[in-house]
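Here is what each chain is made of, one letter per residue.
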Amino acid sequence: MTSEVTRGPINLVVLGPPGAGKGTQAVEFARRHGIPKISTGDILRDAAQSETDLGQRAKVTMDAGGLVDDKLMIAIVRERLTRRDAERGFVLDGFPRTVAQAIALDELMTDQGPLTVVDIAVPDDALVERLARRRVCGQCGNATSVAAGESRNRCEKCGGELVLRSDDTESTVRERLRVYAEATKPLVGYYSSRPTFRAVDGQQSPAAVWAALNNAVDEMRATPSAADCGSERTVG
Ligand code: ADP
Ligand code: ZN
């Protein structure tokens, strides 16, 4: 058994630019550890499917490549983290995306043990191409990458139709990368001095990223300084 069973909840934040593969890694990590994956992009896309005013406004913002405002995002995540299933830990994908969101998350964590933060680093020039190749299943949401000229259009998992996400068009992708550089990249600096921060190379196969991510998490959880800041409290 690995050190995953040693102590406390795993409160994992997966950072990285759009197209880094955060979602894929987060799904797998959550499944392995039996903890919820909380993706603010998924929450907003669900809301955008509805006719509500909030959902429709979120859709306009997302399709333009912008960010939904901090107050709303913080309220959504605060509510989600108080649900029972997040008591044993969680994986956050797509949040925080601004320094204000990161500060709010730290405040939410005061009673919940430390955050473990992994940045999946991918250089800019690789991202435009990756996002152009990304397709998502309209039925189950599974993301996949199609090679140039490939005509595959069915999901491997459920047979649903593969579609281009409405914000993966070229002009929106450029705006999302600009917004990432301006608002989200500073989070690496915000977290990087913590003993519970690691960066992994995202320019490798998904399996290699998965191995690096797990090594990073195991290593951080074995670090005494990480255990000292609250995760080893005895409960009851
Ligand atoms: P990506 O695949 O680019 O990582 P996501 O699925 O995480 O994208 O998010 C899609 C869109 O949803 C973002 O471009 C943004 O408009 C909105 N969004 C998601 N999370 C947040 C957040 N924490 N703060 C503000 N906007 C968000
Ligand atoms: Zn599918």
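Residues numbered from 1 in each chain as written. Chains lettered and ligands numbered in written order. Predicted model: local features only at pLDDT ≥ 70, side-chain atom pairs only at ≥ 80, totals over all residues. Heavy atoms only, no water.

Q: For this particular structure, what's the right way to read the sheet that holds strand S5 (residues 134–137)?
A: Two pairing modes exist for strands in a sheet, parallel and antiparallel, and in both the strands are linked by backbone hydrogen bonds. A sheet is described by the order of its strands in space; here 3 strands give the open sequence S6-S5-S7, paired in antiparallel fashion. Bordering the open sheet on either side are strand S6 (143–145) and strand S7 (162–163), each of which pairs with just one other strand. By the bridge criterion, 3 bridges tie S5 to S6 in an arrangement that is antiparallel. Residue pairing across strands places Val136 opposite Ala143, the latter belonging to S6. Along the sheet, helix H6 (residues 124–133) contacts S5 and S6; its crossing angle with S5, the most-contacted strand, is approximately 35 degrees. (Pairing = 2+ DSSP bridges. Helix = DSSP H or I, 4+ residues; strand = E, 2+ residues; numbered from the N terminus. Contact = heavy atoms within 4.5 Å. Axes fitted to C-alpha atoms, helices over the stretch in contact; angles between N-to-C directions.)

Q: Please explain the nonpolar core as it appears in this structure.
A: Nonpolar side chains in soluble globular proteins tend to be buried together. Core analysis: the largest hydrophobic core is formed by 26 residues, its most contacted members being Phe90, Leu92, Leu105, Leu115 and Tyr191. Secondary structure elements with two or more residues in this core: strand S1 (10–15), helix H2 (40–49), helix H3 (53–63), helix H4 (70–81), strand S3 (89–93), helix H5 (99–108), strand S4 (115–121) and helix H8 (186–191). Per-element tally for this core: the top contributor is H4, with 5 residues. Not counting the four nearest positions on each side in its chain, Leu105 is found in contact with Val13, Leu81, Leu92, Phe95, Pro96, Leu115 and Tyr191. (Core = buried A, V, L, I, M, F, W, Y, C linked by side-chain atoms within 4.5 Å. Buried < 20%, exposed > 50% of the residue type's maximum accessible area, 1.4 Å probe, protein only.)

Q: Can you help me understand the coordination of the zinc ion (ligand 2) in this one?
A: Coordination angles at a metal have ideal targets, namely 109.5 degrees for four tetrahedral donors and 90 or 180 degrees for six octahedral donors. At this site the zinc ion (ligand 2) is bound by Cys137 (SG), Cys140 (SG), Cys155 (SG) and Cys158 (SG), with donor distances of 2.3 to 2.4 Å. Along the chain, the residues that donate to the zinc ion (ligand 2) are spaced as C-x2-C-x14-C-x2-C. (Donors = N, O, S within 2.8 Å, 3.2 Å for Na, K, Ca; no water.)

Q: Help me understand the pattern of salt bridges in this model?
A: Once their charged atoms are close, side chains differing in charge can pair, the charge on each being opposite to the other. A complete count under the given rule lists 22 salt bridges for this structure. Residue Lys37 pairs with Asp93 through a salt bridge whose shortest N-O separation is 3.9 Å. Of the two residues, Lys37 sits in strand S2 (residues 37–39) while Asp93 sits in strand S3, which places them 56 residues apart along the sequence. With a relative accessible area of 8%, Asp93 lands in the buried category. Connected via shared salt-bridge partners are Arg134, Arg165, Asp167, Asp168 and Arg176. (Salt bridge = Lys/Arg side-chain N within 4 Å of Asp/Glu carboxyl O.)

Q: What am I meant to see in unusual backbone geometry here?
A: A negative phi holds for most residues other than glycine; trans holds for most peptide bonds. The amide bond that connects Phe95 to the next residue, Pro96, takes the cis arrangement and shows omega of -5 degrees. Tracing the chain through its elements places Pro96 in the loop between S3 and H5.

Q: Explain the site of ligand 1 here, please?
A: Not every one of the 19 residues close to ligand 1 is listed here, only the nearest: Thr40, Arg45, Gly66, Gly94 and Arg176. Within the side chain of Gln101, an N or O atom sits 3.0 Å from a nitrogen atom of ligand 1. Here Arg134 contributes a side-chain N or O atom positioned 3.2 Å from an oxygen atom of ligand 1. Here ligand 1 has 550 Å² of accessible area as a free molecule, and 96% of this is covered by the chains. The element that contributes the greatest number of residues to the shell around ligand 1 is H2, accounting for 4 residues. A per-class count over the shell around ligand 1 returns 7 nonpolar, 5 polar and 7 charged. (Near = heavy atom within 4 Å. Polar contact = N/O pair within 3.5 Å; in protein donor to acceptor, adjacent residues only side chain to side chain. Areas by Shrake-Rupley, 256 points an atom, 1.4 Å probe, with all protein chains shown as cover. Nonpolar A, V, L, I, M, F, W, Y, C, P; charged D, E, K, R; others polar.)

Q: How do you make sense of H2 when you look at a structure like this?
A: Note: α-helices contain 3.6 residues per turn, so residues at a spacing of three or four share the same orientation. Among the residues of H2, Thr40, Gly41, Leu44 and Ala48 are the ones counted as buried. The buried residues of H2 occupy one face: seen down the axis, they fall within an arc of 100 degrees. Structural note: H2 exposes Asp46 and Gln49 on the side pointing more than 90 degrees away from its buried face. For H2, the elements touching its buried residues are S2, H3, H4 and S3. (Arc of directions from axis to C-beta.)

Q: Mind showing me how you'd approach the packing of H2 against H4 here?
A: Relative placement of two packed helices is described by the angle separating their axes and the distance separating the axes. At their nearest, the axes of H2 and H4 sit 11 Å apart, and the two run at 105 degrees to each other. By the angle between their axes, H2 is roughly perpendicular relative to H4. Across from Thr40, Ile43 and Leu44 in H2, the residues of H4 making contact are Met73, Ile76 and Val77. In terms of residue class, the contact of H2 with H4 is made up of 5 nonpolar, 1 polar and no charged. (Parallel < 35°, antiparallel > 145°, perpendicular 65-115°, else oblique.)

Q: Looking at this structure, how should I read the sheet that holds S2?
A: Taken in spatial order, the 5 strands line up as S2-S3-S1-S4-S8 in an open sheet, and their pairing is parallel. Looking at the sheet topology across the chains shown, the edges are occupied by S2 and strand S8 (197–201). Neighbour to neighbour, the strand axes of the sheet diverge by 20 degrees on average, direction disregarded. Summarising the sheet, S2 and S3 pair through 3 bridges and their orientation is parallel. Each bridged residue has a counterpart across the sheet, and for Ile38 the counterpart in S3 is Leu92.

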